[in-house]
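# Chain and residue survey
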Amino acid sequence: MPILLIGLSHHSAPLSVRERFAFADEAIPGALQSLRGSGAVQEGVILSTCNRVEVYAFSALEPREGLSALRQFLLGCHGCHEPLTDEIYGLSEPQSVQHLFKVASGLDSMVLGETEILGQLKKAYDLALRAGHTGSRLNRAFQRAFNVAKHIRTATNIQRGSVSVGSVAVELAEKIFNDLQQREVLVIGAGDTSEKTARALLAHGARSIIVANRSFERAEALAGVLGGRAVQFEHWSPEFEKVDIVISSTAAPHYILDRPKMERLMKARRNRPLLLIDLAVPRDIEPEVNFLENIYLYNIDDLQTIADDYLKQRRDEVARCEQIIREKAQALLGAPEAERLLPTPDAPPTAARGDSSSPLPNPG
C-alpha cells in the first residue's frame, strides 16, 4: 500500500503540453473527490503550478495497477486521448517520497533552490486537507517534506546565489532596458508570483506599478502594498501606452493578448520597446506576439536558460542535498506502522521499504 505519484513537469514536457493538464484551484477538490470516488486511491493531493502538474496518492492497489489508474485519471480529467509516453512519469515508494522531498526543497525546480514551490506545495496540501482528501499517510509524508525543506535550507548552501522567478524577470528586463530606472510596470493578475515579480522589479529601480485583476479589491490591496495604483480589469489595455514591462499571470482559459490586439496596442505606444513576461499556465499571451517589432515575449519555459546559469553555481551542493533526502525518506518509510501514523521527530536512517517498480518513466 504505497504512496504513488503521477505527473509531468518542465523536465519531461514542454509548456504546450503542461498547460493542457493544468488544474484551476477551484477544480481541484472536485477532481480529488472523483479520484477517491473511483476507489483507486484512499488519499490524494494535486499540485498544479506553471512548471508541474503532479498527483500524489495513497492507494491500496499494487503499484503498477495504482499508477495505471492515476494515469487514466490525469488523462481523463483533461480529455487527452493522445499517446503520451515520456511526458508523464510515475513513481512508487521510495522514489515517490524522495521526489516529494526534492520538490519541497526546490531541488526539482527550474531555478534550483528556489523557495516559491514550497509555498505552492503547502497550498496544494492545505487545499486537499481542508476538503478531507488526505489521511495519515499523506499527512505525515507532506509534513515531513516541509521539515526536510527547512533542513535543506539551513544545513546546505543550495540557496546561495539562488534566484526566484522574480529575479530572473529582473535580469531579463535589465538586459533589454539596461536598467530599470523610470520604467513602469503593468501587472495583470494579482497572484503570488505576480506580486513577487513586481516586488523584485521595484527593488531594482522600477518607478511604478499598475495592477489589474478580475477582483478589483484584490488589485487595490496589491497596489496599496506595492505603492502603485489599481485599474479595473477591463480597462488595462489603455495602460499599454505608457508602460515598459507587462507581467501577466491570470487564470484565463484563453489568450488575453493575441497578435492583432498587440498590433493595435503597439501603434498606440509608437512602437516603444515592450517586455512581456507571461507567467500563466495556460499561457495568457499568444506566442505569435513575439514576431512583432520591439516586443520581447518570454514565457515560463524561456526562463530555463537563465536558470541554467545559476544551476552551474550550485551543482556541488546537489549531491549533498540528495543524500539528506534519501536518508529522510528512509527514516519515514522504514518507521514501524504505528510510529509512521504519528507526527514524531525524524527517526535515524533505516532501510527503505516499498515497491519502487513503475510502468512509467522517471522524471528527468
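Bear in mind that the values here come from a model prediction, so they are computed numbers and not experimental data.

## Structural notes on the overall build of the chain
Secondary structure summary: the chain contains 12 helices and 10 strands in total. Looking at the chain as a whole, 54% of its 364 residues are labelled buried. In the chain, 72% of the contacts between residues at least 6 apart in sequence involve partners at least 24 apart. Accessible surface, the chain: about 15,500 Å² in total, of which carbon and sulfur atoms supply 49%.

## Topic: the packing of aromatic side chains
Taken as a whole, this structure holds six aromatic pairs when the rule is applied. Considering the side-chain rings of Tyr-125 and Phe-142, the 5.3 Å spacing of their centres and the 10 degrees angle between planes classify their relative orientation as stacked. Residue Tyr-125 is found in helix α5 (residues 116-130), and its partner Phe-142 is found in helix α6 (residues 136-155); the two are separated by 17 residues along the sequence. Looking at Phe-142, the relative accessible area reads 0%, which means it is buried. Among the aromatic side chains, those forming a connected cluster through ring pairs are Tyr-56, Tyr-125, Phe-142 and Phe-146. A cation over a ring is seen here: Lys-122 above Phe-146, with NZ or CZ 5.7 Å from the ring centre.

## Remarks on the environment of Phe-216
Inspection of the secondary structure assignment puts Phe-216 in helix α9 (residues 216-226). Under the relative-accessibility criterion, Phe-216 is labelled partly exposed at 22%. In this structure the C-alpha to C-alpha distance between Phe-216 and Gln-232, which are 16 residues apart in sequence, comes to 6.1 Å. Residues contacting Phe-216, with those up to four places away along its chain left out, are Ala-230, Val-231 and Gln-232.

## A short note on the sheet that holds strand β8 (residues 245-248)
Taken in spatial order, the six strands line up as β7-β6-β5-β8-β9-β10 in an open sheet, and their pairing is parallel. Taken across any chain shown, the strands that pair with only one partner, and hence form the sheet edges, are β7 (229-232) and β10 (295-299). For this sheet the average axis-to-axis angle between neighbouring strands, irrespective of direction, equals 20 degrees. With four bridges connecting them, strand β5 (residues 184-188) and β8 associate as parallel partners.

## Brief notes about the sheet that holds strand β2 (residues 43-48)
Strand order in the open sheet formed by four strands is β2-β3-β1-β4, and the pairing between neighbours is antiparallel. Edge strands, defined here as strands with exactly one partner in the open sheet, are β2 and β4 (89-91). Strand-to-strand twist across the sheet, computed as the mean angle between neighbouring axes with direction ignored, equals 10 degrees. Across three bridges, strand β1 (residues 3-9) lies against β4 in antiparallel orientation. Its bridge partner lying in β4, Ile-6 is registered against Gly-90. Packed on one face of the sheet, helix α4 (residues 95-105) meets β1, β2, β3 (52-58) and β4 and runs near 135 degrees to β3.

## Concerning the packing of helix α7 (residues 165-177) against helix α8 (residues 192-203)
It is at 8 Å that the axes of α7 and α8 come closest, and there the two elements cross at 45 degrees. With respect to their mutual orientation, α7 and α8 come out oblique. Handedness of the α7/α8 crossing: right-handed. Of α8, the residues touching α7 (which contributes Val-165, Gly-166, Ser-167, Ala-169, Val-170 and Ala-173) are Thr-193, Lys-196, Thr-197, Ala-200 and Leu-201. Residue composition of the contact of α7 with α8, by class: six nonpolar, four polar and one charged.

## Some remarks on the nonpolar core
By size, the foremost hydrophobic cluster in this structure holds 63 residues, and its most contacted members are Phe-21, Phe-101 and Phe-142. Looking at this core element by element, the count peaks at eight residues for α6. Each residue touching Phe-101, except ones within four places of it in the same chain, is listed here: Ala-141, Arg-144, Ala-145, Val-148, Ile-325, Lys-328, Ala-329 and Leu-332. Membership of the second largest hydrophobic core comes to 35 residues, among which are Cys-50, Ala-200, Ala-223 and Val-281.

## Focus: the side chain of Asn-299
With respect to the element layout, Asn-299 can be found in strand β10. In this structure the side chain of Asn-299 is engaged in a polar contact, spanning 2.9 Å, whose partner is the backbone nitrogen of Asp-301. The residues touching Asn-299, leaving out its near neighbours within four places in the chain, are Leu-15, Asp-278 and Arg-283.

Here is what the cut-offs are and how they apply
- All residue numbers here refer to positions counted from 1 along the written sequence of the relevant chain.
- Only residues with pLDDT of 70 or above have their local features reported here, since the model is predicted, and side-chain atom pairs are shown and tallied only from 80 upward, although totals for entire chains, interfaces and linings are computed over all residues.
- Just so you know, side-chain values use all the structure's heavy atoms and leave hydrogens and water out.
- Under the DSSP-based scheme used, a helix requires at least four consecutive residues in state H or I and a strand at least two consecutive residues in state E, with every element numbered from the N terminus.
- The buried label applies to any residue whose accessible area, calculated with a 1.4 Å probe on protein chains only, is under 20% of its type's maximum; exposed applies above 50%, and partly exposed to all values in between.
- Residue contacts are defined here by distance: any two heavy atoms, one from each residue, within 4.5 Å place the two residues in contact.
- All accessible-area figures derive from a Shrake-Rupley calculation using a 1.4 Å probe, and residue coverage is judged against the displayed protein chains alone.
- Aromatic pairs are defined between Phe, Tyr and Trp rings, using the six-membered ring for Trp, whenever the two ring centres lie within 6.5 Å; interplanar angles under 30 degrees are classed as stacked, those over 60 as edge-to-face, and all others as tilted.
- Note on criteria: charge over ring means Lys NZ or Arg CZ within 6 Å of the ring centre, with the direction from the centre no more than 35 degrees off the ring normal.
- When DSSP finds at least two bridges between two strands, those strands are taken to pair.
- To get an axis, a line is fitted to the C-alpha atoms, and for a helix only the part in contact is used. The angle between two axes follows their N-to-C directions and goes from 0 to 180 degrees.
- Here roughly perpendicular refers to angles of 65 to 115 degrees, roughly parallel to angles under 35, roughly antiparallel to angles over 145, and oblique to all remaining angles.
- Helix crossings fall into two classes, left-handed where the near helix is turned counterclockwise from the far one by less than a right angle and right-handed where it is turned clockwise.
- Think of it as three bins: nonpolar holds Ala, Val, Leu, Ile, Met, Phe, Trp, Tyr, Cys and Pro, charged holds Asp, Glu, Lys and Arg, and polar takes everything else, Gly as well.
- What makes a nonpolar core is a set of buried Ala, Val, Leu, Ile, Met, Phe, Trp, Tyr and Cys residues whose side-chain atoms join them at distances within 4.5 Å.
- Here a polar contact means two N or O atoms within 3.5 Å. Within protein one must be a hydrogen donor candidate and the other an acceptor candidate, and residues neighboring in sequence count only if both atoms are side-chain atoms.

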